[in-house]
Amino acid sequence: MTQRIALVSGGLGGIGTAICQSLAASGHHVIAADLKPSDERIAALRALPGLIEAEAIDLDVGDADACAQAVADIVSRHGRLDVLVNSAGITRDSTLRKMERAHWDAVLDVNLGGLFNLCKPAIEPMIAQGYGRIVNISSINGQTGQFGQTNYAAAKAGVHGFSMALAREVAAKGITVNSVAPGYCDTPMVQTIPAAMREKILEQIPVGRIAQPIDIARVVDFLAAEGSGYITGAMLPVNGGLFISF
Ligand code: CAA
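Everything in this summary refers to the structure shown in the same document. (Residues numbered from 1 in each chain as written. Predicted model: local features only at pLDDT ≥ 70, side-chain atom pairs only at ≥ 80, totals over all residues. Heavy atoms only, no water.)

What to know about the overall build of the chain
The helix and strand tally for the chain stands at ten helices and seven strands. The C-alpha radius of gyration of the chain comes to 17 Å, within 12% of the 18 Å expected for a compact globule of 246 residues. Seen through its C-alpha atoms, the chain measures out along the principal axes to roughly 50 × 35 × 35 Å. Looking at the chain residue by residue over its 246 residues, the buried ones come to 48%. Excluding contacts between residues fewer than 6 apart, the proportion of contacts in the chain whose partners are at least 24 apart in sequence is 75%. A total of about 11,700 Å² of accessible surface is found on the chain, and carbon and sulfur atoms cover 57% of it. (Helix = DSSP H or I, 4+ residues; strand = E, 2+ residues; numbered from the N terminus. Rg over C-alpha atoms; globule rule 2.2 N^0.38 Å. Buried < 20%, exposed > 50% of the residue type's maximum accessible area, 1.4 Å probe, protein only. Contact = heavy atoms within 4.5 Å. Areas by Shrake-Rupley, 256 points an atom, 1.4 Å probe, with all protein chains shown as cover.)

Written as C-alpha cells, this is what we have:
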C-alpha cells in the first residue's frame, strides 16, 4: 500500500508536535512545517517514539508563495500529498479598545490566511490523486468568543466556515475537510494566560483538567484516516465539556 504523506503546519508547536506523533504512529510519513525550526526542536521531534522518518521544513504560513513552493516540493519529492493539517496559530490578545491593527492582521494572516495559503496549492494534487484529508485546527474560542480575543475568535470561527465551504467544493473528489475545536490545552500558548485566569478557566471545565496535546491529536488522526471518508464539513469539539458548562 502507498504510504500516506502528511503535512502539518505548526508541526513543532504544542499541539502540532503531538499531531505529527499520532500521524506517524498510524503509518504516515510526516512533514512538520514551522517557522524557522531550530536544530534543537527538530531533534526533539525526531526523538519522539515513531517519528524517525519525520521531516521538518521552515515555513511561514502567512507567506502564500512559500506555501505554494513547500507543497510543490513535497509533491515532487514524494509524488503525492494525502493529509494536510493546518495547526499553525498565534495569539495577540487584547481588548478591542487596545488592539492595534497589526495585532488583528497578524492573527488573521496566520490563523485564517494560512488555510488559504496551504489549502489552495494542496487541493490540486489531492484532486489529481482522487484522495485527500484536510483537518483545520479551530478553537472553542471561535465558538464562544473570549474576552480579549476579537481577532483570534474571528479567525477561529472563520476556520470552521472555511472548512465547511471547501468541504462542499471537494466532496465529490475524494477529499474531506473538517475542523477540530480544542478547548484549553497544555501548550506554551495557554501557559501564557495569567495564572489567576487559568485557575478560573480550570474551575469551569467539567472533566476537571486542561487537555493534553494527545487529546487533540488523536481526533485529528481519526479524521485523517482513510476510513473517515464519510465525515466532511464537520467540527469536532474536544474541550472536556467546557462548551456545555457555559
Ligand atoms: N470577562 C469580563 N471582564 C474581564 C475579563 C473577562 N474575562 N477579564 C478582564 N475583565 C475586565 C477587568 O476586570 C477590567 O475591568 P475594569 O476596567 O472595570 O477594571 C477590564 O476588563 C480590563 O481588564 P484587564 O485590565 O485585564 O485588560 P488588559 O488589557 O490588561 O488585559 C487581556 C486584557 C490581555 C485580554 C487579559 O484579560 C487576558 O490575558 N485575558 C485572557 C485571554 C484568554 O483567555 N486568552 C486565551 C489564550 S489561549 C488560546 O487562545 C487557546 C485556545 O484556543 C483556547
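Anyway, onward from the coordinates.
Quick look at the packing of aromatic side chains
By the definition in use, this model includes zero aromatic pairs. One residue, R4, lies across the ring of Y131, its end atom 3.8 Å from the ring centre. (Phe/Tyr/Trp six-rings, centres within 6.5 Å; stacked < 30°, edge-to-face > 60°. Lys NZ or Arg CZ within 6 Å of the ring centre and 35° of its normal.)

Some thoughts on the state of the cysteines
Applying the stated criterion to the full structure yields zero disulfides. With no disulfide partner, C20 has as its closest neighbouring cysteine sulfur the one in C185, 14 Å distant. A residue is classified by how much of its surface remains accessible, and C20, at 0% relative accessible area, is buried. Left without a disulfide partner, C67 is nearest to the cysteine sulfur of C119, which lies 9.8 Å away. (Disulfide = S-S within 2.5 Å.)

A closer look at the sheet that holds strand β2 (residues 29–34)
Strand order in the open sheet formed by seven strands is β3-β2-β1-β4-β5-β6-β7, with parallel pairing between adjacent strands. A strand with exactly one partner marks an edge of an open sheet, and here the two such strands are β3 (55–58) and β7 (235–238). Taking the axes of each pair of neighbouring strands and ignoring which way they run, one obtains an average angle of 20 degrees across the sheet. Here strand β1 (residues 5–9) pairs with strand β4 (residues 83–86) via four bridges, running parallel. Bridging across to β4, A6 finds its partner in V83. (Pairing = 2+ DSSP bridges. Axes fitted to C-alpha atoms, helices over the stretch in contact; angles between N-to-C directions.)

Regarding the pattern of salt bridges
Counted by the stated rule, this structure contains seven salt bridges. R4 is the salt-bridge partner of E226, the closest N and O atoms lying 3.0 Å from each other. Placement of the pair is E226 in the loop between α10 (213–224) and β7 and R4 in the segment before β1, with a sequence separation of 222 residues. Residue class for E226 comes out partly exposed when judged on its relative accessible area of 44%. Here R4 falls in the buried class, since its relative accessible area comes to 15%. Of the charged contacts in the structure, one is a salt bridge between R209 and D215, with a shortest N-O distance of 2.9 Å. (Salt bridge = Lys/Arg side-chain N within 4 Å of Asp/Glu carboxyl O.)

Comments concerning the site of the ligand
As a structural note, the neighbourhood of the ligand is formed by 17 residues, with D93, K98, S139, Q149 and Y152 the closest of them. Between K98 and the ligand, the recorded distance is 2.7 Å, taken from a side-chain N or O atom to an oxygen atom. The separation between an oxygen atom of the ligand and a polar side-chain atom of S139 is 2.7 Å. Across the complex, the protein chains shield 56% of the 1,100 Å² of accessible surface that the ligand would expose by itself. In terms of residue class, the shell around the ligand is built from eight nonpolar, seven polar and two charged. (Near = heavy atom within 4 Å. Polar contact = N/O pair within 3.5 Å; in protein donor to acceptor, adjacent residues only side chain to side chain. Nonpolar A, V, L, I, M, F, W, Y, C, P; charged D, E, K, R; others polar.)

Side note on a negative patch on the surface
Residues D58, D60, D63, D65 and D109 make up a contiguous surface patch of negative charge. Within the element layout of this structure, D58 appears in strand β3. (Patch = residues over 30% accessible without salt bridge, like charges linked within 9 Å, V, L, I, M, F, W, Y side chains within 5 Å. Lys, Arg positive; Asp, Glu negative; His and termini not counted. Charge placed at Lys NZ, Arg CZ, Asp CG, Glu CD.)

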